[in-house]
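This is what each chain is made of:
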Amino acid sequence: MPENVIVTSALPYANGPIHFGHVVGAYLPADIYVRFRRMRGDHVHFVCGTDEHGVAITLKAEQAGKDYQAYVDHWHKEIRRTLEELVGIRFDAFSGTSHARNPHHRELAQRFFLDLLHNGYLFEKTEEQFFSPSLGRFLPDRYVEGTCYLCGFDEARGDECPRCGKYLDARRLANPLCTIDGQPPVLKATKHWYLDLPKLKQEWVQGWFEGKAADWKANVKAFVANDLEELRERPETRDLPWGVPVPLPGTDGKVLYVWFDAPIGYLSISKQYFAERGEPERFERLWKDPSTRLIHFVGKDNITFHCLIFPAMLYGTKAGWIVPANVPANEFFQLEGRKFNTSTGWFIPEESVRGRFSTDALRYALCTMMPETADADWSWKEFQARVNADLNDNLGNFVARSLRFAERFLESELPPLGQPAPRDREILAAAGAAAADMAAAFLRFEFRRACQRLMAFSSECNRYYDEMQPWVLRKQDPARCRQVLRVCAELVHSLAILAAPILPDTAQKVLGAFLPAHDDAGRPSLPPGPLRVQPLPTLFTKVEDKVVEEELARLRAVAKGGTAAAPAAPPARKPDEKPATAGAPQAAAPAGAIAYESFAAVELRAGTVRAARRHPDADKLLVLEVGLGSETRTIVAGIAASYTPEALQGHRVVVVANLAPRKLRGIESQGMLLAADDAEGKPRLLTPGPGTPDGAKVK
RNA sequence: GGCGGGAUAGCUCAGCUGGUUAGAGCGAAGGCUUCAUAAGCCUUAGGUCGCCGGUUCAAGUCCGGCUCCCGCUACCA
């Protein structure tokens, strides 16, 4: 019986490009799943769009000198284009959360807020919060430092004391300073609304999760069970100029927290979709029907949110919204063993792919590398192997040899299936078995397994062909030869159908080889009558060694800190990176130039590391004795990830010599070293040229 | 340091609730074949299942300890 299924992919944050890591985590599996479900006859509604609120976007937009809407419009377009063109993702509804793009979003998010409020799951609390007069913003606790009122540690952060490990009340810190500009903040009252997650957990979330999660992926369950332990109340509003206004009187300047409104985007985008189609009633009918299966495809970092908080919100409205049936989250995806990083160039630029490889080749390779149960990564060698050996040699070649043979030797005419021989029946049954196995794999979100099964079946087809030896039959038993090729046509058709969710374009092409034409992609077999076939242009081409070499060379250059071609794109916010809370730090940073005096105030000097040791109480820190000619400074530097103490002996460095001393994890640092991050995000020290004596001023 | 995840054939990985000779694909080697995109098919490859100990008639598969790797996070900006 057909099911109603709503499939969502995590809403990409509209402040940067998306890369293969995102694609393989949330978009490709969703798209494959959707296509598979459709072929099965289910009614699928595939929803996505851009997440367009939050502090990070306001900051980026300000830096770019654009207004917020223009900024998110740009990325909205860009992201959609990438997903659709590069990897062939076909959403039903793709919109966004900004009011201009989606007029339904604001109202629906506000309705959620009010429902939760009326049902007692949101409560307001007015608290004094640190406010920076110089920045004109409220400061999140973690951006305030002061003396711990519990242990006296003088560098306690507002949220937690690093020395005694206790959670702190920022307002009780002695001598608070803003860590952004070093100015003392003032306390100012502000009112916010908190989601009562402990209450929701006790009342419903825990029971729901524990009872219903039997068939969820193991990696997801482990993650959620852990997070369930520490569900706390969360403020769901912010003081910001960009977002969904809090729908209550006297709340000017307050908006809903981006994490609150973003997932509601799934609903509002769907609502917009149906409204624009002139069927507005279908929206609630679908989202409130208990038999609808809601499935969220997300990355590992979104698990807690989609498995606990958002379901809690849906439940808490008591409005009858369905809650997710499954959240088949993927783990992280890396590139040749390292994290994708758009700002350092450690990613795959579109030029490396566009026009070079088909979307199907990319889809297939990504699918076989999908981080379903553990972190995985993109490897160019692996990509080449998958495309060449699987798609080209195995699947593509079976299709080609079958169709070409029919054309060359059988005038493209094939008889009705008639009475298949035992071996024919066997291989035709194998197609059914493959279909069943692949369906089971898809339904369990085992996409890699589905790929493997597809190729296994393709191998079976090749084996059948070799056993039958049509090139021999052609001369000895022409009738049997035609029959065998008729079976092969059947197999080619089966391959196309089976591959369709993963390789939609290829499937389409292959189906075009059969006459009379039939476009029912879900059809399990060809019409039984006589058949005309026509050969196809080459389905796949091999990935040359040269291409792999080029790409690897490019990455090697990036790794060395070279200036390999990398579009100057702002880094995408990682999905788990919480949009900074009200009044984010970088807000202060003016976008433009500084006066020369500002630079001149910094005293930079050449120096040499005389001694180095590990910081006793921090993993990333080294404690250095740096000679500056006339004096030796103790400098604590966060470079342990890149350098061992031994390697630093005698290393030349550039030191900020007039930086106010500061205690770092208990040791006073009398200066700072200059360094630049490499492709892995690890710091690399700057070195003065030869002949510059210690103490020489850098200008 | 805290939290989480890994460690199985050269490579990428499967191995659920413990049970005959530990599997697949790729790569490699040898052979067969010529319809096909120098594609296909067959055979082979003998890996202390990270290390140590324990539970058990029986352990990659459960328990404890250890080592290494990865991600998030803290100290670093």
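Criteria and thresholds
- Residues numbered from 1 in each chain as written.
- Chains lettered and ligands numbered in written order.
- Predicted model: local features only at pLDDT ≥ 70, side-chain atom pairs only at ≥ 80, totals over all residues.
- Heavy atoms only, no water.
- Helix = DSSP H or I, 4+ residues; strand = E, 2+ residues; numbered from the N terminus.
- Expected span 1.5 Å × (residues − 1).
- Buried < 20%, exposed > 50% of the residue type's maximum accessible area, 1.4 Å probe, protein only.
- Arc of directions from axis to C-beta.
- Pairing = 2+ DSSP bridges.
- Axes fitted to C-alpha atoms, helices over the stretch in contact; angles between N-to-C directions.
- Parallel < 35°, antiparallel > 145°, perpendicular 65-115°, else oblique.
- Contact = heavy atoms within 4.5 Å.
- Nonpolar A, V, L, I, M, F, W, Y, C, P; charged D, E, K, R; others polar.
- Polar contact = N/O pair within 3.5 Å; in protein donor to acceptor, adjacent residues only side chain to side chain.
- Phe/Tyr/Trp six-rings, centres within 6.5 Å; stacked < 30°, edge-to-face > 60°.
- Lys NZ or Arg CZ within 6 Å of the ring centre and 35° of its normal.

(A) Geometry of helix α6 (residues 218–229). For α6, built from twelve residues, the straight-helix expectation of 16 Å at 1.5 Å per residue is met to within 8% by its first-to-last C-alpha distance of 17 Å. Three or more residues of α6 are buried, namely N219, V220, V224, D227 and L228. When α6 is viewed along its axis, its buried side chains cluster within an angular range of 160 degrees and face the same direction. Residues A218, A222, N226 and E229 are exposed on α6 and point more than 90 degrees away from its buried face.

(B) How the structure looks around the pairing of strand β9 (residues 186–195). Across ten bridges, strand β4 (residues 122–132) lies against β9 in antiparallel orientation. Bridging across to β9, K125 finds its partner in H192. Of the strand pairs in this sheet, β9 and strand β10 (residues 234–235) are connected by two bridges, and their pairing is antiparallel. Its bridge partner lying in β10, Y194 is registered against P235.

(C) Looking closely at the packing of helix α13 (residues 447–468) against helix α15 (residues 478–499). α15 packs onto α13 with a crossing angle of 175 degrees between their chain directions and a minimal axis gap of 11 Å. Between α13 and α15, the crossing angle belongs to the class labelled roughly antiparallel. Mapping the contact onto sequence places L454, F457, S458, C461, Y464, Y465 and M468 in α13 and R480, V484, V487, C488, L491, S494, L495, L498 and A499 in α15. A breakdown of the residues in the contact of α13 with α15 according to their chemical character gives 13 nonpolar, two polar and one charged.

(D) Here's a closer look at the environment of A365. By the element assignment, A365 lies in helix α10 (residues 359–368). Taking relative accessible area as the criterion, A365 reaches 0% and is therefore assigned buried. Along the sequence, A365 and R285 sit 80 residues apart, while their C-alpha atoms lie 38 Å from each other. A365 has contacts with W378 and F383, leaving out every residue within four places of it along the chain.

(E) A look at α15. Its 22 residues place the ends of α15 31 Å apart at the C-alpha level, agreeing with the 32 Å of an ideal helix rising 1.5 Å per residue. Of all 22 residues in α15, 19 are buried, a share of seventy percent or more.

(F) Layout of the side chain of E52. Within the secondary structure, E52 is located in the loop between β2 (43–50) and α2 (55–64). Since its relative accessible area comes to 0%, E52 is described here as buried. Among the polar contacts made by the side chain of E52, one reaches the side chain of S98 at a distance of 2.4 Å. Of the polar contacts made by the side chain of E52, one reaches the side chain of R101; its length is 2.7 Å.

(G) Structural view of the sheet that holds strand β3 (residues 93–96). The sheet built from four strands is open, its strands ordered β3-β2-β1-β13 with parallel pairing. Taken across any chain shown, the strands that pair with only one partner, and hence form the sheet edges, are β3 and β13 (293–297). Each strand axis lies, on average, 20 degrees off the axis of its neighbour in the sheet, ignoring direction. Note: β2 against β3, four bridges, orientation parallel. The partner of T50 across the bridge, within β3, is G96. Where helix α1 (residues 20–39) meets the sheet, it contacts β1 (4–9), β2 and β13, and its direction lies at approximately 160 degrees from that of β2. Each of β2 and β3 is contacted by helix α3 (residues 68–87), which is oriented at about 155 degrees to β3, the strand it contacts most.

(H) Expanded view of the packing of aromatic side chains. In the structure shown here, the tally under the stated rule is 32 aromatic pairs. Measuring from ring centre to ring centre gives 6.5 Å for F297 and F447, while their planes differ by 55 degrees; the resulting arrangement is tilted. Of this pair, F297 sits in strand β13 while F447 sits in helix α13, and the two are 150 residues apart along the sequence. As far as burial versus exposure is concerned, F297 and F447 are alike and both buried. Lying across the ring of Y194, K125 places its NZ or CZ 4.5 Å from the centre. One Lys or Arg, R238, reaches over the ring of Y257 and ends 3.8 Å from the middle of that ring.

(I) Up close: the sheet that holds strand β17 (residues 514–515). If you walk across this open sheet you meet the three strands as β16-β18-β17, and the pairing is antiparallel. A single partner strand is all that each edge strand has here, and the edge strands are β16 (413–414) and β17. One ladder, built from two bridges, connects β17 with strand β18 (residues 531–533); its direction is antiparallel. When the sheet's bridge partners are listed, L515 is paired in β18 with R532.

(J) Examining unusual backbone geometry more closely. Residue E411 is not a glycine yet carries a positive backbone phi of 55 degrees. In this structure, Q469 is a non-glycine residue whose phi angle is positive, near 50 degrees. In this fold, Q469 is placed in the loop between α13 and α14 (470–476). Owing to a relative accessible area of 34%, Q469 belongs among the partly exposed residues under this scheme.

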